Amino acid sequence: MEDCVFCKIKKGELPSTILYSDDDFMIIKDINPQAKIHLIAIPNEHVPYIDMMTEDGAKILGKIILKISHLQEELGLTQGYRLVINQGENAGQTVLHVHIHILGGEKLKEF
Ligand code: 5GP
Ligand code: ZN
């Protein structure tokens, strides 16, 4: 998608720190971190909202969650981490390309 920042990062048209990538998704550092470690896992396929995803897209989200658990050590998350998906306006979603926030590196506030 042309105007999407995550698609631009994927295509190398915008700079970012990419920590992991494979055929399905990439993990980058968030430009405006909300925790000591704040990463974003971004599926390669451009889908704006969760409710627009296919079954295959949902399977990739599951794969991402499992892969993050396997990467805990290299991402600095062995003490625990939080995964967040902002869906829509009330959640404050700003980039309309489904993604999972990964927060950790410190004790996070409970909610
Ligand atoms: P949302 O609010 O849509 O759930 O999350 C979008 C996230 O993308 C925000 O945490 C924001 O800081 C991050 N972000 C927006 N633009 C860029 C960018 O150009 N590079 C990187 N690395 N992160 C970005
Ligand atoms: Zn996109």
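Look up a bit, the structure's there.
Summary of the structure given here. (Residues numbered from 1 in each chain as written. Chains lettered and ligands numbered in written order. Predicted model: local features only at pLDDT ≥ 70, side-chain atom pairs only at ≥ 80, totals over all residues. Heavy atoms only, no water.)

Considering the overall build of the protein chain
For the protein chain, the count of helices and strands is three helices and five strands. Rg of the C-alpha trace for the protein chain: 13 Å, near the compact-globule value of 13 Å for 111 residues, within the 12% margin. Overall, the protein chain is about 35 × 30 × 25 Å in size when its C-alpha atoms are taken along their principal axes. Looking at the 111 residues of the protein chain, the share that counts as buried comes to 36%. (Helix = DSSP H or I, 4+ residues; strand = E, 2+ residues; numbered from the N terminus. Rg over C-alpha atoms; globule rule 2.2 N^0.38 Å. Buried < 20%, exposed > 50% of the residue type's maximum accessible area, 1.4 Å probe, protein only.)

Regarding the coordination of the zinc ion (ligand 2)
Around the zinc ion (ligand 2), the protein supplies Cys 4 (SG), Cys 7 (SG), His 46 (ND1) and His 97 (ND1) as donor atoms, at distances of 2.0 to 2.3 Å. Bound by four donor atoms, the zinc ion (ligand 2) shows angles of 106 to 117 degrees at the metal and therefore tetrahedral coordination geometry. All donors of the zinc ion (ligand 2) belong to a single chain; written as a sequence motif, their spacing is C-x2-C-x38-H-x50-H. For Cys 4, a relative accessible area of 6% corresponds to the buried category. Taking relative accessible area as the criterion, Cys 7 reaches 8% and is therefore assigned buried. (Donors = N, O, S within 2.8 Å, 3.2 Å for Na, K, Ca; no water. Tetrahedral: all angles 85-135°; square planar, octahedral: opposite > 155°, others 65-115°.)

Side note on the pairing of strand E3 (residues 37-43)
Burial of E3 is extensive: seven of the seven residues sit out of reach of the surface. Two elements, strand E2 (residues 25-29) and E3, share five bridges in a ladder whose sense is antiparallel. Residue pairing in the sheet places Ile 28 in a bridge with Ile 40 of E3. Of the pairings in the sheet, the one linking E3 to strand E5 (residues 100-104) comprises five bridges and is antiparallel in character. Residue pairing across strands places Ile 40 opposite His 101, the latter belonging to E5. (Pairing = 2+ DSSP bridges.)

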